[in-house]
Amino acid sequence: MKELINKYIGGVQKHRLKIETLTPVAIRNGEILSPLTDYHIEGNRLYLLDTDKLMADIDQNNWLDDFESKVWEDSGNHSGGTETNAKKKNRFIADFLKEKGASIKSYLKEENARNCQLKSEAEWVQLHSTIKTENKAYIPGSSIKGAIRTAIMYQWLTDTEEGKEKLASFLDTKQTDINSWVENIEKKKKSRFKAKDNVEKKDEITKELRKEETERKAELLKLLHEFEKEVSNVVFGKLEGEYNASTYFKISDSYAFKISDLRIASLQKKYREDEELKEKRKKEFTTSLQEFIDKGKETVTEISVSNLSLDWRENRGCTYFAKCIKERKQLDKVFEAINSLSRDFLEFEIRRLNAFKEGEKSKAFYSNENLGIYHSMLKNLYSKLKENNLNGAITCIGFGKSIFMNTVLLAIRMQDKDIFTNIVKILHASHPKAEHFPFSYYATSIDSQDYPLGWVKITDVNKDAYQQKYDLPNFERANLEKDSIIQGVLLELNPIPKVQVSIDGEKQYLNANGLSKLKKESGVIPQIGATCSLQITAIKEGEIKDIKIISI
């Protein structure tokens, strides 16, 4: 009866997901803090300043004109990536207050101090915050859903005949235009080079070239966006109108992390070693500081999948995504898609980083030893994915993830490297080595080791619970009767609680009642894997027909 109700009347399958940060994760909230007025570092702790109190005291003591004058003097060139006079700026507010006979300590918010490890005071630059609610960091459900959407689209384009044909048709249709755009841009570049001794002519051609590059880039981005929209409509259903499977697949924001789970570290941009570019830019520089959710931290979120038959019925055009999760008790197909994208991306990324490792040390000194550590971390992730022995999925979210992890570019590259190269030449037309795209990447340094950004492991807690070993008491079937009390372990919470018990030395999995009533009466919040006491409410010929949870 319960199965019929869930199938035809309603019901929601809920999957509790554990998210573990494998590397530092930053999901920016748009807030940027300055070392001049917003934060102060003492030792390995970063403190936010009570700016309201600070500014009130400055105003009350008639220090405002002097303060504004010195802020203006020291704020020049203090944008992301600039370290000019940083050593002076990093002590600005402390020195200003000391000059006025005050101490910065009275303005530090000590309860919100973050771990902070910087190589030098020169890295005291702008600080980007991560997203929070009530001053507690979390991972938005939209970040996980976005990773799933991209992965499902990638799997459809690379693993299904329909998807492969769709991608091939798109590339075949647009190839002539894309190649023509690249040829026109290259011709203008050659014309500009020939006119290098004629300043007026060179400037005129440069103006035409920039106009051509801008227009073609906009046109290409429009084509890619329209193609992604077409793919999304096929895979998930139309956003407007009849049907969209992803509407019935919802992911909540994660539980909040503790303040101690956050870390401040330098955000660095690493550039590919290239003789042509060597004198034009540093190979490594600190663009800003970043507030991260530290590596090795865990949180929980929840996926809800509607069971309504109307949501999935074939005559309304059951989409590829709906088929992936339709009538599945676990998220195997979704995890498979995520791992497929991550595996292919890491394979590409590892090959690309080999080009970095082959370069000589630059003036900025980016050692092969550090790069080797970063490289090894990606190879370790890749090995795990290739072995496919994970109970879950590994993906990349938030700031610093590659463009390949949120667009169809990787699928295009897998299909046709020549077209991909021309696409990149249009997207980065002004770069002299666009064919080597991507030619830079972000990393952060912790304990003198460079880490890639945003990698997380997602585990279906329900499924994981089935694979754990539990030390449960064994009960003899012959001794069981109605109202007998036995012990078991809670494996699932929704849509119907499920428990594991040991009867005659064998595992048995039973649906259980009474959990909602127990939560309401006792206020207990049940957890997957919790030991519980169970009362048999119906038994026939030694077979338990109904059981009730009475305590956890």
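The structure reproduced in this document is the subject of the present report. (Residues numbered from 1 in each chain as written. Predicted model: local features only at pLDDT ≥ 70, side-chain atom pairs only at ≥ 80, totals over all residues. Heavy atoms only, no water.)

Here we come to the overall build of the protein chain. Counting its secondary structure elements, the protein chain contains 16 helices and 22 strands. Relative to its full complement of 552 residues, the protein chain shows a buried share of 49%. Sequence separation of at least 24 residues holds for 77% of the intrachain contacts in the protein chain that already meet a minimum separation of 6. Summing over all exposed atoms, the protein chain offers an accessible surface of approximately 27,900 Å²; the carbon and sulfur share of this is 45%. (Helix = DSSP H or I, 4+ residues; strand = E, 2+ residues; numbered from the N terminus. Buried < 20%, exposed > 50% of the residue type's maximum accessible area, 1.4 Å probe, protein only. Contact = heavy atoms within 4.5 Å. Areas by Shrake-Rupley, 256 points an atom, 1.4 Å probe, with all protein chains shown as cover.)

Scanning the model with the defined rule gives 15 salt bridges in all. Note that Asp294 is salt-bridged to Arg263, the shortest N-O span being 3.0 Å. A residue pair is termed long-range when its members are at least 10 positions apart, and Asp294 in the loop between strand 11 (284-293) and strand 12 (298-306) and Arg263 in strand 10 (residues 262-271) qualify at 31 residues. Looking at Asp294, the relative accessible area reads 8%, which means it is buried. (Salt bridge = Lys/Arg side-chain N within 4 Å of Asp/Glu carboxyl O.)

Structurally, Lys498 can be placed in strand 19 (residues 498-503). Engagement of the side chain of Lys498 in a polar contact is seen with the side chain of Asn511, the distance being 3.3 Å. When neighbours within four sequence positions are excluded, Lys498 is seen to be in contact with Tyr466, Val489, Leu490, Leu491, Glu492, Tyr509, Leu510 and Asn511. (Polar contact = N/O pair within 3.5 Å; in protein donor to acceptor, adjacent residues only side chain to side chain.)

Moving on, we come to the packing of helix 7 (residues 161-194) against helix 14 (residues 417-427). Direction vectors running N to C along helix 7 and helix 14 enclose 50°, while the axes themselves pass 9 Å from each other. Compared by their axis directions, helix 7 and helix 14 come out oblique. Here helix 7 runs over helix 14; the crossing is left-handed. Note on element contacts: helix 14 touches helix 7 through Ile419, Asn422, Ile423, Lys425 and Ile426, opposite Leu171, Gln175, Ile178, Asn179, Trp181, Val182 and Glu186. (Axes fitted to C-alpha atoms, helices over the stretch in contact; angles between N-to-C directions. Parallel < 35°, antiparallel > 145°, perpendicular 65-115°, else oblique. Left-handed = near helix turned anticlockwise from the far one by under 90°.)

So, on to the packing of aromatic side chains. One pass over the full model with this rule turns up 7 aromatic pairs. Taking 6.3 Å as the distance between ring centres and 80° as the angle between the ring planes, the aromatic pair formed by Trp63 and Phe96 counts as edge-to-face. Taken together, the residues span a long stretch of sequence, with Trp63 in the loop between helix 2 (51-60) and helix 3 (64-75) and Phe96 in helix 5 (residues 92-99) at a distance of 33 residues. Where Phe348 meets Phe404, the ring centres are 4.8 Å apart and the plane angle is 80°; that geometry is what we call edge-to-face. Taken together, the residues span a long stretch of sequence, with Phe348 in helix 11 (residues 332-357) and Phe404 in the loop between strand 13 (393-396) and helix 13 (409-415) at a distance of 56 residues. Just as Phe348 is buried, Phe404 falls in that class too. An aromatic cluster is built from Trp63, Phe67 and Phe96, whose rings are joined through pairwise contacts. Positioned above the aromatic ring of Tyr107 is the side chain of Lys53, whose terminal nitrogen or guanidinium carbon lies 5.4 Å from the ring centre. If you follow Arg413 out to its NZ or CZ, it ends over the ring of Phe420, 5.9 Å from the centre. (Phe/Tyr/Trp six-rings, centres within 6.5 Å; stacked < 30°, edge-to-face > 60°. Lys NZ or Arg CZ within 6 Å of the ring centre and 35° of its normal.)

So, on to the nonpolar core. Ile148, Ile152, Phe249, Ile423 and Trp455 are the most contacted members of the largest nonpolar core, which has 79 residues in total. Counting residues per element, this core draws most heavily on helix 11, at 10 residues. The residues touching Ile148, leaving out its near neighbours within four places in the chain, are Phe249, Ile251, Ile303, Phe321, Val334 and Ile338. Counting residues in each nonpolar core, the second largest holds 24 residues, with Leu472, Phe475, Leu518 and Ile549 among its members. (Core = buried A, V, L, I, M, F, W, Y, C linked by side-chain atoms within 4.5 Å.)

A grouping of Glu200, Asp203, Glu204 and Glu208 is seen on the molecular surface, where their side chains present a negatively charged patch. When you line up the elements, Glu200 lands in helix 8 (residues 199-236). We classify Glu200 as exposed; its relative accessible area is 66%. (Patch = residues over 30% accessible without salt bridge, like charges linked within 9 Å, V, L, I, M, F, W, Y side chains within 5 Å. Lys, Arg positive; Asp, Glu negative; His and termini not counted. Charge placed at Lys NZ, Arg CZ, Asp CG, Glu CD.)

With that settled, the discussion passes to the pairing of strand 18 (residues 485-492). For strand 18, the tally of buried residues reaches 6 of 8 residues, placing the bulk of the element in the interior. As defined by bridge partners, strand 18 adjoins strand 21 (residues 531-540) across 5 bridges and the pair is classed as antiparallel. The residue bridging Ile485 from the neighbouring strand is Gln535, located in strand 21. Here 3 bridges tie strand 18 to strand 19, and the two strands are oriented antiparallel to one another. Looking across to strand 19, one finds that Val489 is bridged to Gln500. (Pairing = 2+ DSSP bridges.)

Below, the discussion takes up the environment of Met55. Its place among the elements puts Met55 in helix 2. Met55 sits in the partly exposed class, given a relative accessible area of 31%. Along the sequence, Met55 and Thr37 sit 18 residues apart, while their C-alpha atoms lie 9.4 Å from each other. If we ignore the near neighbours within four places in the chain, the residues touching Met55 are Leu64 and Phe67.

One non-glycine residue, Asn135, adopts positive backbone phi at about 65°. Relative to the assigned elements, Asn135 resides in the loop between strand 7 (132-133) and strand 8 (136-137). Asn135 gets classed as partly exposed once you look at its relative accessible area, which sits at 33%. With a phi close to 50°, Glu541 is a non-glycine residue in the positive phi region. Here Glu541 is to be found in the loop between strand 21 and strand 22 (543-551). By relative accessible area, Glu541 is classed as exposed at 76%.

This part covers the side chain of Thr299. Structurally, the position occupied by Thr299 is in strand 12. Separated by 2.7 Å, the side chain of Thr299 and the backbone oxygen of Tyr255 make a polar contact.

Any functional reading would require information beyond the geometric quantities listed.
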